[in-house]
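# Tertiary structure, described
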Amino acid sequence: MLTIHHLNESRSQRVIWLAEELGLPYELVRHQRDPRTMLAPASLKALHPLGKAPMVAHRGRVLAETGAIVAALAGGSALLPDEGTDAGDAVRYWLHYAEGSAMPPLVMRLVLGRIPASVPWPLRPVARAITRGVETAYLGPEMTRQLDWWEASLTGDGWFAAGRFTAADLMMSFPVEMAALRGGLTDRPATRGWLDRIHARPAYQRALVAGGPYSGAGTGERTA
């Protein structure tokens, strides 16, 4: 039995979705964020020193990091074509890109956005000026490049790799949903259409029922 350690409002929603797509039986262990800090609870640190989701227990091992979990569970399935093939290499590119290139500027934007409210009020004008400067000089242009790349990649057959739904689309769901939550999909119809299609998948809908409330599910035209 696969055990999925699920942290609410996190990347682990993708692992539940993966299990549903593959038809894998699983046990779900829920972990709740601290409602004030939004940090993961100590219960996850009992499983892995970093204490972050997702984590799964599978075949006697604890696996962490979404890309590694997807590679372990989806290997040999249609979602992850063989390595060394054009389709397989394209899917693996997006598996690494999703967390290695797409997520860092999104996380940085989230953290910087919280800084002005977290400093003493006399320093807030300075903090706002610094965060605006970082946004203008780096984050804004970087996110535009990333979003343009998604749009270009999805224009045509409508999927990130192999001309069909694969693990590449599953991995990219989280960064695209996070960008959509921040209003980043304006005038990007291919990306918006892709988001609607993945949200409509029966396995995605089943994963929402299993995993509980997830704000990313409401980012397409269709609200789950």
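Residues numbered from 1 in each chain as written. Predicted model: local features only at pLDDT ≥ 70, side-chain atom pairs only at ≥ 80, totals over all residues. Heavy atoms only, no water.

## Let's talk about the sheet that holds strand E3 (residues 55–58)
Pairing between the strands of a sheet is mediated by backbone hydrogen bonds and can be parallel or antiparallel. Test applied: When DSSP locates at least two bridges between a pair of strands, those strands are taken to pair. Helical segments are the DSSP runs of H or I of at least four residues, strand segments are the runs of E of at least two, and each set is numbered from the N terminus. Fitted lines through C-alpha atoms give the axes, limited to the stretch in contact for helices. The angle between two N-to-C directions lies from 0 to 180 degrees.
The mixed open sheet is built from four strands, whose spatial order is E2-E1-E3-E4. What marks the edges here is a single partner per strand, and that holds for strand E2 (26–31) and strand E4 (61–64). Adjacent strand axes in the sheet meet at a mean angle of 20° when their direction is disregarded. Here E3 runs beside E4; their pairing, made up of four bridges, is antiparallel. Within E4, the residue paired with His58 across the bridge is Arg61.

## Topic: helix H6 (residues 189–200)
Defined as follows: For a helix, the expected span equals 1.5 Å multiplied by the number of residues minus one. Exposed residues in this analysis have more than 50% of their type's maximum accessible area, buried residues have under 20%, and partly exposed residues fall in between, with area computed by a 1.4 Å probe over protein chains only. Throughout, a residue-residue contact means that at least one pair of heavy atoms, one from each residue, lies within 4.5 Å.
For H6, which comprises twelve residues, the first-to-last C-alpha distance of 17 Å matches the rise-based estimate of 16 Å (1.5 Å per residue) to within 8%. Where H6 is concerned, the buried positions are Ala190, Thr191, Trp194, Leu195, Asp196, Ile198 and His199. Summarising the contacts, the buried residues of H6 are in contact with helix H1 (12–22), helix H4 (124–154), helix H5 (167–181) and helix H7 (202–211).

## Brief notes about the environment of Pro41
Along the chain, Pro41 falls in the loop between E2 and E3. Separated by ten residues in sequence, Pro41 and Gly51 have C-alpha atoms that sit 7.8 Å apart.

## Thoughts on empty space enclosed by the protein
For clarity, the cut-off: Note on definitions: the grid is 1 Å and covers protein atoms alone; a cavity is a set of points where a 1.4 Å probe fits but cannot get out; a pocket is an open set with protein on both sides within 12 Å along at least five of seven lines; lining residues have an atom within 4 Å of a point. Grid points are joined across faces, edges and corners, and a volume is the space filled by probe spheres set on the points. Throughout, the ten residues Ala, Val, Leu, Ile, Met, Phe, Trp, Tyr, Cys and Pro are labelled nonpolar, Asp, Glu, Lys and Arg are labelled charged, and all others, Gly among them, are labelled polar.
Under the counting rule described, the total for this entry stands at one cavity of 30 Å³ or more. Quantified by volume, the largest cavity comes out at close to 40 Å³. In this structure, the largest cavity is lined by Gln13, Arg14, Trp17, Ser173, Glu177, Tyr204 and Tyr214. Going through the elements one at a time, H1 and H5 are the ones with two or more residues in the lining of the largest cavity. Class assignment for the residues of the lining of the largest cavity results in three nonpolar, two polar and two charged.

## Observations concerning the packing of aromatic side chains
We apply this condition: Stacked, tilted and edge-to-face pairs are distinguished by plane angle, under 30 degrees for stacked and over 60 for edge-to-face with tilted covering the rest, among Phe, Tyr and Trp rings (Trp via its six-membered ring) whose centres lie within 6.5 Å. For a Lys NZ or an Arg CZ to count as sitting over a ring, it must be within 6 Å of the ring centre and within 35 degrees of the ring normal.
Under the defined criterion, the tally for this structure stands at nine aromatic pairs. On the numbers, 5.0 Å between centres and 80° between planes, the contact of Trp94 with Tyr97 is edge-to-face. Taken together, the residues Trp94 and Tyr97, both in helix H3 (residues 86–118) and three residues apart, mark about one turn of the helix. Judged by its relative accessible area of 6%, Tyr97 falls in the buried class. Their ring planes at 80° and their centres at 6.0 Å tell us that Trp159 and Phe165 sit as a pair that is edge-to-face. Considered together, Trp159 and Phe165 belong to a single accessibility category, that of buried residues. Cluster of aromatic residues (ring-pair linked, three or more members): Tyr93, Trp94, Tyr97, Trp149, Phe160 and Trp194. A cation sits over an aromatic face here: Arg197 above Trp159, 5.0 Å from the ring centre.

## Quick look at the side chain of Glu151
Residue placement: Glu151 occurs in helix H4. Not counting the four nearest positions on each side in its chain, Glu151 is found in contact with Arg188, Pro189, Ala190 and Thr191.

## With respect to the confidence of the model for the protein
This is how it is decided: A residue's pLDDT is the predictor's confidence in that residue, given on a scale from 0 to 100.
Residues with a pLDDT of 70 or more make up 97% of the protein, whose mean pLDDT is 92. Across the protein, element-level confidence peaks in H1 with a mean pLDDT of 98 and bottoms out in H4 with 92.

## What to know about the pairing of E3
In this sheet, E3 lies alongside strand E1 (residues 2–7) in antiparallel orientation, the contact comprising three bridges. When the sheet's bridge partners are listed, Thr3 is paired in E3 with Ala57. Here E3 folds back onto E4, and the loop between the two strands holds two residues, one of which, Arg59, carries a positive phi near 55°.

## Details of the layout of surface pockets
In this model, the largest pocket occupies a volume close to 1000 Å³. Residue assignment for the lining of the largest pocket shows that the elements contributing at least two residues are H3 and H5. No other element matches the seven residues that H3 contributes to the lining of the largest pocket. Its residues assigned to classes, the lining of the largest pocket comprises 18 nonpolar, six polar and nine charged.

## Thoughts on the pattern of salt bridges
Filter applied, for reference: The salt bridge definition used is simple: a Lys or Arg side-chain nitrogen within 4 Å of an Asp or Glu carboxyl oxygen.
Throughout the structure, instances matching the rule amount to seven salt bridges. For Arg201, the salt bridge goes to Glu21, with nearest N and O atoms at 2.7 Å. Taken as a pair, Arg201 in the loop between H6 and H7 and Glu21 in helix H1 lie far apart in primary sequence, 180 residues in all. With a relative accessible area of 21%, Glu21 lands in the partly exposed category. With a shortest N-O distance of 2.9 Å, Arg188 and Asp148 are connected by a salt bridge. One end of the pair, Arg188, is in the loop between H5 and H6; the other, Asp148, is in helix H4, and 40 residues separate them in sequence. Each of Arg11, Arg14 and Glu99 takes part in a single network of salt bridges with overlapping partners.

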